[in-house]
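Below are the chains, spelled out letter by letter.
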Amino acid sequence: MAFLLRCPDCGERSAYDFTYGGEVLVRPSTQDGADAWTRYFYHRKNLAAPQREWWYHKFGCRRWFFAERDTRNNRVERTYWPEISRNEA
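On a predicted model such as this, the values are computed, not experimentally measured, just so you know.

What counts, and at which threshold
Residues numbered from 1 in each chain as written. Predicted model: local features only at pLDDT ≥ 70, side-chain atom pairs only at ≥ 80, totals over all residues. Heavy atoms only, no water. Phe/Tyr/Trp six-rings, centres within 6.5 Å; stacked < 30°, edge-to-face > 60°. Helix = DSSP H or I, 4+ residues; strand = E, 2+ residues; numbered from the N terminus. Buried < 20%, exposed > 50% of the residue type's maximum accessible area, 1.4 Å probe, protein only. Lys NZ or Arg CZ within 6 Å of the ring centre and 35° of its normal.

1. Points about the packing of aromatic side chains
When we look at a pair of aromatic rings, we describe it by the centre distance and by the angle of the planes.
Step number 1: Taken as a whole and judged by the stated rule, the model has 13 aromatic pairs.
Step number 2: Taking the centre distance of 6.0 Å and the plane angle of 90° together, the rings of Phe 3 and Trp 55 count as edge-to-face. Here Phe 3, found in the segment before strand S1 (4-7), pairs with Trp 55, found in strand S4 (residues 50-56); they are 52 residues apart in sequence, far enough to count as distant.
Step number 3: On the basis of relative accessible area, Phe 3 is assigned to the buried category, the value being 14%.
Step number 4: With a relative accessible area of 5%, Trp 55 lands in the buried category.
Step number 5: Joined through ring pairs, the aromatic side chains of Phe 3, Phe 18, Tyr 20, Trp 55, Phe 65 and Trp 81 make up one cluster.
Step number 6: Lying over the aromatic face of Phe 66, Arg 52 brings its terminal NZ or CZ to 4.7 Å of the ring centre.
Step number 7: Above the face of the Tyr 80 ring, Arg 78 is positioned so that its terminal group lies 3.9 Å from the ring centre.

Structure, rendered in structure tokens:
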């Protein structure tokens, strides 16, 4: 199902212009064991709810950004650059 996604740089486009990068997760440190890395790479929540996701604008500015999207109806609440979220946290 196609939906519209707003690139922070290029504006609103079809979701087909983008590549989905998955849920935003906290990366384990280099000192963490194999269990932590296995959870990071293979275990996803895949909730039927709003979640923060990585998206890549492959047919536009070619940049990665965050989108807060409700997976039940594909409604995108907001999109923003990763740098902004670090400053807001």
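2. Some words on unusual backbone geometry
Step number 1: In this model, Asn 46 sits at a positive phi of 50°, which is unusual for a non-glycine residue.
Step number 2: Its place among the elements puts Asn 46 in the loop between helix H1 (34-42) and S4.
Step number 3: Residue classification places Asn 46 among the exposed positions, given a relative accessible area of 63%.
Step number 4: Phi is positive for Arg 62, which is not a glycine, with a value near 60°.
Step number 5: Within the fold, Arg 62 resides in the loop between S4 and strand S5 (64-70).
Step number 6: Residue classification places Arg 62 among the exposed residues on the basis of a relative accessible area of 61%.

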